[in-house]
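Fold and contact review
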Amino acid sequence: MFHLKGVHHIALNCSDVGRTARFFHDILEVPIPEESIVEGEPVYFQIGTYTRIGLHPHSGEEGKGGVGQVDHIAFSVTSRAELDYLVDKLEAENICYRGPITRPTSFNLYFETPDGHHLEVRLDKDEFDEIEE
């Protein structure tokens, strides 16, 4: 018997690791030192306490979504102001997005990395938010 203690990392295949790393740095404000971006090498970074993401160089054929593929990665924020701040950044960079969409238990914002990885940033509702029936 064994016990999984968590996800070690999520690996994303990228046509240009540097471009995708700069996207995470510039848009999502992930602290990725420029010197850690080396052409042809993967880049790993931490988001929050437990989430590690790896950007891997990939020169093969572009993948198609479906069974066996990751649909999206969802990140969480703690305030509506943070969600609105991200919307402003996406608009300033002319990055297409959808949302924030009001769901029964959350507000959800969707967009993509330069390589087309689907990302979501969500804010969970609390007892002070209107809950849809």
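Heads up: the structure comes first, above all this text.
How each quantity is defined
Residues numbered from 1 in each chain as written. Predicted model: local features only at pLDDT ≥ 70, side-chain atom pairs only at ≥ 80, totals over all residues. Heavy atoms only, no water. Helix = DSSP H or I, 4+ residues; strand = E, 2+ residues; numbered from the N terminus. Polar contact = N/O pair within 3.5 Å; in protein donor to acceptor, adjacent residues only side chain to side chain. Contact = heavy atoms within 4.5 Å. Pairing = 2+ DSSP bridges. Core = buried A, V, L, I, M, F, W, Y, C linked by side-chain atoms within 4.5 Å. Buried < 20%, exposed > 50% of the residue type's maximum accessible area, 1.4 Å probe, protein only. 1 Å grid on protein atoms, 1.4 Å probe; cavity = no way out; pocket = protein on both sides within 12 Å on 5 of 7 lines; lining within 4 Å. Points joined across faces, edges and corners; volume = space filled by probe spheres on them. Nonpolar A, V, L, I, M, F, W, Y, C, P; charged D, E, K, R; others polar.

Brief notes about the environment of Arg 103
When you line up the elements, Arg 103 lands in the loop between β5 (97–102) and β6 (106–112). Along the chain, Arg 103 and Lys 125 lie 22 residues apart, while their C-alpha atoms are 9.0 Å from each other.

Observations concerning the environment of Gly 116
For Gly 116, the position within the fold is in the loop between β6 and β7 (118–124). Spatially, the C-alpha atom of Gly 116 lies 9.1 Å from that of Cys 14, the residues being 102 residues apart in sequence.

What about the side chain of Ser 106?
Locating Ser 106 in the fold gives a position in strand β6. A polar side-chain atom of Ser 106 sits 3.4 Å from a polar atom in the side chain of Arg 122. The contacts of Ser 106, once residues within four sequence positions are left out, are Ile 101, Arg 122, Leu 123, Asp 124 and Lys 125.

Digging into the pairing of strand β3 (residues 51–57)
In terms of strand pairing, strand β1 (residues 10–14) meets β3 through 5 bridges, oriented parallel. Note on β3: the bridge partner recorded for Ile 10 is Ile 53. In sequence, strand β2 (residues 43–47) turns back onto β3 through a hairpin of 3 residues, with Gly 48 there showing a positive phi of about 70°.

What about the nonpolar core?
Counting residues in each nonpolar core, the largest one holds 27 residues, and the members touching the most others are Phe 24, Ile 32, Phe 45, Leu 55 and Phe 111. Mapped onto this core, the elements with two or more residues apiece are β1, α1 (17–26), β2, β3, β4 (73–76), α2 (80–92), β6 and β7. When neighbours within four sequence positions are excluded, Phe 45 is seen to be in contact with Phe 24, Val 30, Ile 32, Thr 51, Arg 52, Ile 53 and Leu 55.

Re the layout of surface pockets
The volume enclosed by the second largest pocket comes to roughly 490 Å³. What lines the second largest pocket is a set of 21 residues, and nearest its centre among them are Leu 28, Ile 47, Phe 75, Ser 76 and Val 77. At the level of secondary structure, the elements contributing two or more residues to the lining of the second largest pocket comprise β2, β4 and α2. In terms of residue class, the lining of the second largest pocket is made up of 14 nonpolar, 5 polar and 2 charged.

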